[in-house]
Amino acid sequence: MAEHGIAQESVRDRAPAEERGGREGLTRYVTGLGFAIVLTLASFWAAQTQEVWHPGIPILLGVLAIGQMGVHLVFFLHISTAPDQTNNFLALAFGCFVVGLVVFGSMIIMANLSANMIPMDKLIQMQR
Amino acid sequence: MSAVADAALAEEATTGDVVIPISLRGPAATDVVVGYGFWLFILSDIIVFSALFAAYAVLSGQTAGGPSGVELFDRRYVFIETACLLASSFTCGLFSIAIERRSGVGAFVGAVVTFLLGAAFIGLEVSEFTRMVDIGAGPSRSAFLSAFFALVGTHGLHVTLGLLWLLTMMAQIATLGFRPMVVRRLFCFALFWHALDIVWIGVFTIVYLGAH
């Protein structure tokens, strides 16, 4: 069993947010914090600036938010596509897929229903 | 196919090669099973939030003649809340490092700072909610406000439960020490806390900065 120990350690899965220990861990959190602060400040700046074309601001905010979520996943939750993280990453990908379905599916369906609804004044007229 | 696999297996068995087929490796270590299971729970929790986000996105314009987001939200306030939660996520990382090093003092300091920053966030949110209810902008005022209180309130409830969990974990470190069981729970807590900060990125971007 002893000679199998090394191989098993190298193929062992890694849990999310698991610590690697040592100085590397601290550097990672500090880097992540730096990126997160820059992206947060950029978001708050973008929301009230006059220097960006106005209709583009929601897209800019979305990009900054997704970027910051990525920073948190990589630097705080230590998610990566490494072989020992395949399960974690696949679960995350499936989670993102379901979130996208729920959010955009609901928005499309509700916008469609709203567009096809009879206006309220006409509905009242019809009921008379 | 199976003959090839059997041959490979027989060869491994005879030569003592260290590569073991995945089906024969037995159950994964408890740390990995617990971490992965909790990761799946967090993803399902994020899906719950996504339903609330979808409701908010659909209802955000339905103010029923009541106050809109732009009139209600104070961005400086939200900025301080965001800073508190981001800083607490960072100190939670330092807390995890201290646990990995089995440093009792480091873990205690990390936990206290994380708790105080989280409590400051909740305090700010509660004062914001009470101010809104006082000026007649409670959850029953309009569909927009119902969706707002459901989404932001659920996030706040998660943070509150996280704070209670953190207190429990501090008590467990103090009484049980760094047992494997306690360390596993601590990593689950760290996972939960970082995930709540990720949800908050969506909240402050969509609800507060995207207010129209």
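Everything quoted here is computed from the prediction, not taken from an experiment.

Some details on the side chain of Thr40(A)
- Its location among the elements puts Thr40(A) in helix α2 (residues 22-48).
- Looking at Thr40(A), the relative accessible area reads 5%, which means it is buried.
- Of note is the side chain of Thr40(A), whose polar atom sits 2.7 Å from the backbone oxygen of Ala36(A).
- Excluding residues that lie within four positions of it along the chain, Thr40(A) makes contacts with Gln68(A), Thr82(B), Leu86(B) and Phe204(B).

Structural notes on the packing of helix α2 (residues 30-59) of chain B against helix α6 (residues 143-176) of chain B
All names here are of chain B.
- As a packed pair, α2 and α6 sit with axes 6 Å apart at the nearest point and diverge in direction by 160 degrees. In this view, α2 runs roughly antiparallel relative to α6, as classed from their interaxial angle. Along this stretch, α2 crosses α6, giving a crossing that reads as left-handed. Touching Phe38, Asp45, Phe49, Leu52, Phe53, Ala55, Tyr56 and Leu59 of α2 are Ala143, Phe144, Ala147, Phe148, Ala150, Leu151, Thr154, His155, His158 and Trp165, all from α6.
- The residue makeup of the contact of α2 with α6, split by class, is 14 nonpolar, 3 polar and 1 charged.

Observations regarding the confidence of the model for chain A
- Confidence in the prediction for chain A averages 86 pLDDT; 88% of positions are at 70 or higher.
- Mean pLDDT values over the elements of chain A span from 45, in helix α1 (residues 2-11) of chain A, up to 95, in helix α3 (residues 57-76) of chain A.

Digging into the pattern of salt bridges
Residues and elements named next belong to chain B.
- For the structure shown, the criterion picks out 2 salt bridges over all chains.
- When the shortest N-O distance is used, the salt bridge between arginine 184 and aspartate 31 registers 3.6 Å. A residue pair is termed long-range when its members are at least 10 positions apart, and arginine 184 in helix α7 (residues 180-209) and aspartate 31 in helix α2 qualify at 153 residues.

A short note on the nonpolar core
- Core analysis: the largest hydrophobic core is formed by 82 residues, its most contacted members being Trp39(B), Phe73(B), Phe95(B), Phe148(B), Trp200(B), Val207(B) and Tyr208(B).
- Contributions of two or more residues to this core are made by α2, α3 and α4 (86-116) of chain A together with α2, α4 (75-100), α5 (104-134), α6 and α7 of chain B.
- Among the elements that make up this core, the one with the highest residue count is α7(B) (21 residues).
- When neighbours within four sequence positions are excluded, Val207(B) is seen to be in contact with Tyr56(B), Phe73(B), Phe148(B), Leu151(B), Val152(B) and Gly202(B).

The rules behind the values
Residues numbered from 1 in each chain as written. Chains lettered and ligands numbered in written order. Predicted model: local features only at pLDDT ≥ 70, side-chain atom pairs only at ≥ 80, totals over all residues. Heavy atoms only, no water. Helix = DSSP H or I, 4+ residues; strand = E, 2+ residues; numbered from the N terminus. Buried < 20%, exposed > 50% of the residue type's maximum accessible area, 1.4 Å probe, protein only. Polar contact = N/O pair within 3.5 Å; in protein donor to acceptor, adjacent residues only side chain to side chain. Contact = heavy atoms within 4.5 Å. Axes fitted to C-alpha atoms, helices over the stretch in contact; angles between N-to-C directions. Parallel < 35°, antiparallel > 145°, perpendicular 65-115°, else oblique. Left-handed = near helix turned anticlockwise from the far one by under 90°. Nonpolar A, V, L, I, M, F, W, Y, C, P; charged D, E, K, R; others polar. pLDDT = per-residue confidence, 0-100. Salt bridge = Lys/Arg side-chain N within 4 Å of Asp/Glu carboxyl O. Core = buried A, V, L, I, M, F, W, Y, C linked by side-chain atoms within 4.5 Å.

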